[in-house]
Amino acid sequence: MPTCLIVPEAMREVPERYVDVLHEAGFDIVYPKNPELARNRGGEEELIAELEGVDATIAGSEGYTPKVLDAATSLRVIARAGVGYDGVNIPAATQHSIPVTITPTANHEAVAEMTLALMFAASRMIVSNDKLVRAGKWPRRLPMATRGKTIGIFGLGRIGSTMAFRAAGLGMRVLATEKYPNAEFVRSQKIQLVELDELLSESDIISVHAPLTDDTRGLFNAKAFARMKPGSIFLNTARGGLMVEADLYQALESGHLRAAGLDVFEQEPPSADNPLFELDNVVVSPHIAGADETSLVAMGVEAAECIASLFRGIWPEGAVVNDSLKETFRWQH
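Not measured: the values here are computed from a predicted model.

The rules we used
- Residues numbered from 1 in each chain as written.
- Predicted model: local features only at pLDDT ≥ 70, side-chain atom pairs only at ≥ 80, totals over all residues.
- Heavy atoms only, no water.
- Patch = residues over 30% accessible without salt bridge, like charges linked within 9 Å, V, L, I, M, F, W, Y side chains within 5 Å.
- Areas by Shrake-Rupley, 256 points an atom, 1.4 Å probe, with all protein chains shown as cover.
- Salt bridge = Lys/Arg side-chain N within 4 Å of Asp/Glu carboxyl O.
- Lys, Arg positive; Asp, Glu negative; His and termini not counted.
- Charge placed at Lys NZ, Arg CZ, Asp CG, Glu CD.
- Helix = DSSP H or I, 4+ residues; strand = E, 2+ residues; numbered from the N terminus.
- Pairing = 2+ DSSP bridges.
- Contact = heavy atoms within 4.5 Å.
- Axes fitted to C-alpha atoms, helices over the stretch in contact; angles between N-to-C directions.
- Buried < 20%, exposed > 50% of the residue type's maximum accessible area, 1.4 Å probe, protein only.
- Core = buried A, V, L, I, M, F, W, Y, C linked by side-chain atoms within 4.5 Å.
- Arc of directions from axis to C-beta.

> With reference to specific residues and values, describe a negative patch on the surface.
On the surface, E195, D197, E198 and E202 cluster together to form a negatively charged patch. Counting through the fold element by element, E195 comes out in the loop between strand 8 (192–193) and helix 9 (196–202).

> Which residues make up the sheet that holds strand 11 (residues 257–262), and what are the values?
Read across the sheet, seven strands follow the order 8-7-6-9-10-11-12 without closing on themselves; strand pairing throughout is parallel. Of all strands in the sheet, those bounded by a partner on one side alone are strand 8 and strand 12 (282–284). As judged from the four bridges shared by strand 9 (residues 205–208) and strand 10 (residues 232–236), these two strands associate in the parallel manner. Paired with S207 across the two strands is L235, which belongs to strand 10. Across the sheet, helix 5 (residues 108–123) touches strand 6 (150–154), strand 9, strand 10, strand 11 and strand 12, and the angle it forms with strand 10 is around 150°.

> Explain the pattern of salt bridges residue by residue, including any values.
This model, assessed by the stated rule, comprises eleven salt bridges. Across the pair D86 and R239 runs a salt bridge whose closest N-O atoms are separated by 2.6 Å. Placement of the pair is D86 in the loop between strand 4 (77–80) and helix 4 (90–95) and R239 in the loop between strand 10 and helix 11 (245–253), with a sequence separation of 153 residues. Given a relative accessible area of 15%, R239 falls into the buried group. Close ionic contact of E184 with R187 constitutes a salt bridge, the shortest N to O distance being 2.4 Å. Here E184 and its partner R187 are both found in helix 8 (residues 183–188), three residues apart, which amounts to about one turn of the helix. A relative accessible area of 55% means that R187 is categorised as exposed.

> Quick rundown of the nonpolar core? Include the residues and the values.
Among the nonpolar cores identified, the biggest contains 30 residues, and L22, I58 and I307 are the most heavily contacted of them. Only strand 1 (3–6), helix 1 (17–24), strand 3 (56–59), strand 4 and helix 12 (295–311) provide two or more residues apiece to this core. In terms of residues, this core owes the most to one element, helix 12, which gives nine residues. With 29 residues, the next largest nonpolar core counts I206, A210, L242 and Y249 among its residues.

> Explain the sheet that holds strand 3 residue by residue, including any values.
Taken together, five strands build an open sheet; the order of strands is 2-1-3-4-5 and the sheet is parallel. Each end of this open sheet is capped by a strand with a single partner; those strands are strand 2 (28–30) and strand 5 (100–101). The pairing of strand 4 with strand 5 spans two bridges and is parallel. Counted as the bridge partner of I78 is V100 from strand 5. Contacts between helix 12 and the sheet are confined to strand 1, strand 3, strand 4 and strand 5, with strand 3 contributing the most and set at about 160° to the helix.

> Before we move on, could you go through helix 11 and cite the residues and values that matter?
If you check which residues of helix 11 are buried, you get E245, L248, Y249, A251 and L252. Buried residues of helix 11 fall within an arc of 165° about the axis and therefore sit on the same side. The inward-facing, buried residues of helix 11 abut helix 10 (222–227), strand 10, strand 11 and strand 12. G255 sits one or two positions beyond helix 11 and adopts a positive phi of about 90°.

Put into structure tokens, the structure is as follows:
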């Protein structure tokens, strides 16, 4: 009987529909001995040990490095619960004929909702005002309105488009930077496509919804923050590696940026002495934008269905990152 390791902490021993999908396909289900495996604290050796005898994983943020994939000789599929896959070395997975799948239709609305929550928390100073009121103070600082403001969305894929739709519904002007835009969606939502420089200089709020690649790593740095409008807000619910935290700290501490809302960090979990945590104009959450009570189940089901399909010899179209394996993949080595 093939075995599937379910790694995400929130899915641990939860009898949801993704468990049924795997059982119906004939899989035995196991969970990590370390429930915090996805946090990468144990390094490569711990993950290698957890993958011994495992045929498939519903993966979290743990790192599938070349060393790990060399050692995981029984592994046939890595099914990411989410759309980001920067934790997986795709060339190494491809070399070992291991399809890497994502869940492209499961969590885009959850991420957009969290982005909106961070936007309102940052613009309305909700967290800092909460602390002040609890301390017996009664602050009268005026918050920033979002209606009528311009939001710049970097990355107009499924998540960015979902955010754009919601922002337009709030009466915001929407700008976007995207290499491969959906022309019909852009037209119907009256989105203005611009280059990054214009996005930075014209937007009151910048919201990042792009994958982490060699081209985007550290893209939001001191130069980019300097280009942003004085008093603007920066939101990142994509990947921490897209920004340079030290540069963001300087832009916020100096007052050039009004606030930031962050669900992701360069190091995760971040250390308790992260300088950004000293600032009252920063609102943070623990890289949980894509997971809520609804999307978690949807991601689990979609990931499980990818595993079950591949086990049955069916290619899950639109969900495989290394699609070049389509013609050659066989479950049995």
